[in-house]
Amino acid sequence: MLEISKNYVLDNNQKTIAVQIPIAEFEKIEEILEDYGLAKLIEEVEDDPTLSKEEALKYLASIDNNNVES
């Protein structure tokens, strides 16, 4: 488990309103979330049919053409 060093920010009434964490720990959290999101996307398309190289290139070319015309 990732250990997170936290500093709490309080308002004038001593109510917690924010948390500060070191930038290195924040960047690690971002990386973990991005990896998790990528893994979920990969799981979603696992059973989708794959394209051959030629089909993929044709598909990419059609996307490029549509974006240029827009």
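The residue numbering used here restarts from 1 in each chain and proceeds along that chain's sequence as written. Per-residue local features are limited, in this predicted model, to residues with pLDDT of at least 70; the limit for side-chain atom pairs, both in listing and counting, is 80 or more; totals at the level of whole chains, interfaces and linings are taken over all residues. Derived side-chain values reflect all non-hydrogen atoms in the structure, with water molecules and hydrogen atoms excluded from consideration.

### Considerations on the overall build of the protein chain
Phase 1 of the analysis: Elements are defined by DSSP. Helices are runs of H or I of four residues or more, strands are runs of E of two residues or more, and each kind is numbered from the N terminus. In terms of regular secondary structure, the protein chain is built from two helices and two strands.
Phase 2 of the analysis: Across the protein chain, helices and strands are ordered from the amino to the carboxyl terminus as β-β-α-α.
Phase 3 of the analysis: Every radius of gyration here is taken over C-alpha atoms, with the globule rule written as 2.2 Å times N^0.38, N being the number of residues. Here the C-alpha atoms of the protein chain give a radius of gyration of 22 Å, more than 25% beyond the 11 Å that 2.2 N^0.38 yields for 70 residues.
Phase 4 of the analysis: When accessible area is computed with a 1.4 Å probe and restricted to protein chains, residues below 20% of their type maximum are described as buried, those above 50% as exposed, and intermediate ones as partly exposed. Across the 70 residues of the protein chain, 1% fall into the buried class.
Phase 5 of the analysis: Between two residues, a contact is recorded if the distance between any of their heavy atoms is within 4.5 Å. Summarising the internal contacts of the protein chain: among those between residues at least 6 apart in sequence, 13% fall at separations of at least 24.
Phase 6 of the analysis: A 1.4 Å probe and the Shrake-Rupley method give the accessible areas. Residues count as covered only by the protein chains that appear here. As presented, the protein chain carries roughly 6,700 Å² of accessible surface, and 54% of it is formed by carbon and sulfur atoms.

### Quick notes on the pairing of strand β2 (residues 16-20)
Phase 1 of the analysis: Bridge count for strand β1 (residues 7-10) against β2 is four bridges, and the pairing is antiparallel. Directly across from Tyr8, in β2, lies its bridge partner Val19.
Phase 2 of the analysis: Between β1 and β2, which pair antiparallel one after the other, the connecting turn spans five residues, and Gln14 there sits at a positive phi close to 65°. Each pair of strands is called paired provided DSSP finds at least two bridges between the two strands.

### A look at the side chain of Glu25
Phase 1 of the analysis: By the secondary structure assignment, Glu25 is in helix α1 (residues 23-45).
Phase 2 of the analysis: Under the convention used here, Asp and Glu are negative, Lys and Arg are positive, and both His and the chain ends fall outside the count. A side-chain nitrogen of Lys or Arg and a carboxyl oxygen of Asp or Glu constitute a salt bridge if their distance falls within 4 Å. Lys6 provides the closest opposite charge to the buried, salt-bridge-free Glu25, at an N-O distance of 8.2 Å.
Phase 3 of the analysis: In this structure, Glu25 is in contact with Glu3, Ile4 and Ser5, ignoring residues within four places of it in sequence.

### Section: a negative patch on the surface
Phase 1 of the analysis: Each patch is built from residues lacking any salt bridge and having more than 30% relative accessible area; the joining distance is 9 Å for like charges and 5 Å for nonpolar side chains (Val, Leu, Ile, Met, Phe, Trp, Tyr). Think of each charge as sitting on NZ of Lys, CZ of Arg, CG of Asp or CD of Glu. A cluster of acidic side chains, namely Glu27, Glu30, Glu31, Glu34 and Asp35, defines a negative patch on the protein surface.
Phase 2 of the analysis: Inspection of the secondary structure puts Glu30 in helix α1.
Phase 3 of the analysis: On the basis of relative accessible area, Glu30 is assigned to the partly exposed category, the value being 36%.

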